[in-house]
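# Coordinates in review
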Amino acid sequence: MKRYFTKTLTLLLMLTVLCSVIFAMSLTANAASDYVTINGIQIKDGQYLRENDSATITTVPASGSDYAYYKSGVLTLNNFNITATNDFAVIYTSKDKLTINLTGTNSINTSYGYAFRTNYDTILTFMGSGSLTVDCSANFAFACGHLGIGGGTLTVNAAGYAIKTSDYYQSGGTVTLTSSKDYPALWVDGPADIEGGTLTVEASNCSFAADVTENLTVSGGTVNIKPKTDMAGVAVGGTYTQTGGKVNLATKGYAGIATTGTDKVTLTGGELKATGNGIGLQTANASVEIGR
């Protein structure tokens, strides 16, 4: 009995030590991978990167300084202006979640590659009271997994896609997207939900200013669609549902909203307004329900 107890205790101690080592290794690995890359420079938790510097610091910059600061999954941009120096992405993360907190006036300028790039399953969220202007002469400005807008002012001028994401959610803030080549300014390869804020989409040469491959739902906020040539405003592959908010469609020969499948179109609230020489809503074989 004593021998059995001793063996059991020894095994338990060995297991406890092994678990502690694994846990410590896990913490070390997580800590080592907790960073965001800006222009190829890794900003780790608790570090600052001042504008035009090539190395991070851990001390608070002097008052009035322009900097980026990363802490606990939040990257704060404070009057931070970046010009791309590499051909991949100005800001990149492989983390599951990253929040961009905008303070002051910020800008990103790139002629190489992405302004923002994340993994496919990363949740990228914008918040704050500041602004960010992105000028990207490459084909993609934003390529991200899941994009949420909760605050701030985001202006993206791109040659191609201003934003390409697997789903889009907006509850606040002001977003303006423009594309100058044969690409939609907004391409959502999934659903899009607008609950608040203002979203303005403009494109020059693509068949659609915006393309949502699944369901598009508007329950609040304001959506402005402005095609610059004779093309449609928004192509919707799933259902289009509007229960609130305002949708303003500037049509030029084609539909402001075109549903491409057989899913239902439901208009039970808010305001849908089409101006120009096109039609407001065009459906393929979808049923339409119009409430009050």
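Below: a short report on this structure.

## Quick look at the overall build of the protein
A tally of helices and strands in the protein yields 1 helix and 26 strands. Here the protein, with 292 residues, has 43% of them falling under the buried criterion. Taking the contacts inside the protein whose residues are at least 6 apart along the sequence as the reference set, 57% of them involve residues at least 24 apart. Of the roughly 13,900 Å² of accessible surface on the protein, 53% is carried by carbon and sulfur atoms.

## Some points on the side chain of N39
Note that N39 resides in the loop between β1 (35–38) and β2 (41–44). In terms of polar contacts, N39 uses its side chain to reach the backbone carbonyl oxygen of T83, at 3.1 Å. With near-sequence residues (within four places) excluded, N39 lies in contact with I82, T83, A84, T85, N86, A89 and V90.

## Let's talk about the pattern of salt bridges
Following the criterion strictly, the structure yields 4 salt bridges and no others. D45 is paired through a salt bridge with K71; the nearest N and O atoms lie 3.0 Å apart. One end of the pair, D45, is in the loop between β2 and β3 (47–50); the other, K71, is in strand β4 (residues 67–71), with 26 residues separating them in the sequence. For the salt bridge of D53 with R50, the shortest nitrogen-to-oxygen distance reads 2.9 Å. For D53, a relative accessible area of 28% puts it in the partly exposed group.

## Section: unusual backbone geometry
Positive phi values are uncommon outside glycine, yet S72 reaches one of about 50 degrees. With respect to the helices, strands and loops of the structure, S72 is situated in the loop between β4 and β5 (74–78). A positive phi angle, near 50 degrees, is found at N79, a position not held by glycine. Mapping N79 onto the fold places it in the loop between β5 and β6 (81–83).

## Quick word on the nonpolar core
Ranked by internal contacts, the top residues of the largest apolar core, which has 64 residues, are L75, I91, F116, F126, F142, Y168 and L177. Those residues in contact with F126 that lie beyond four places of it in its chain are I100, L102, F116, L132, F142, L147, G148, I149, G150, G151 and L154.

## Some points on the packing of aromatic side chains
Here the structure, examined in full by the defined rule, presents 9 aromatic pairs. Between F140 and Y161, the aromatic rings sit 5.1 Å apart at their centres with planes inclined by 35 degrees, giving tilted as the arrangement. Of this pair, F140 sits in strand β13 (residues 140–149) while Y161 sits in strand β15 (residues 161–179); the two residues are 21 residues apart in sequence, bridging distant segments of the chain. Residue classification places Y161 among the buried positions, given a relative accessible area of 12%. One aromatic cluster is present, built from ring pairs that chain together Y114, F140, Y161, Y183 and W187. When the ring centre of Y114 is taken as reference, the NZ or CZ atom of R117 above it lies at 5.3 Å. Geometry around W187 places K164 over its ring, the cationic atom sitting 4.6 Å from the centre.

What counts and what doesn't
Residues numbered from 1 in each chain as written. Predicted model: local features only at pLDDT ≥ 70, side-chain atom pairs only at ≥ 80, totals over all residues. Heavy atoms only, no water. Helix = DSSP H or I, 4+ residues; strand = E, 2+ residues; numbered from the N terminus. Buried < 20%, exposed > 50% of the residue type's maximum accessible area, 1.4 Å probe, protein only. Contact = heavy atoms within 4.5 Å. Areas by Shrake-Rupley, 256 points an atom, 1.4 Å probe, with all protein chains shown as cover. Polar contact = N/O pair within 3.5 Å; in protein donor to acceptor, adjacent residues only side chain to side chain. Salt bridge = Lys/Arg side-chain N within 4 Å of Asp/Glu carboxyl O. Core = buried A, V, L, I, M, F, W, Y, C linked by side-chain atoms within 4.5 Å. Phe/Tyr/Trp six-rings, centres within 6.5 Å; stacked < 30°, edge-to-face > 60°. Lys NZ or Arg CZ within 6 Å of the ring centre and 35° of its normal.

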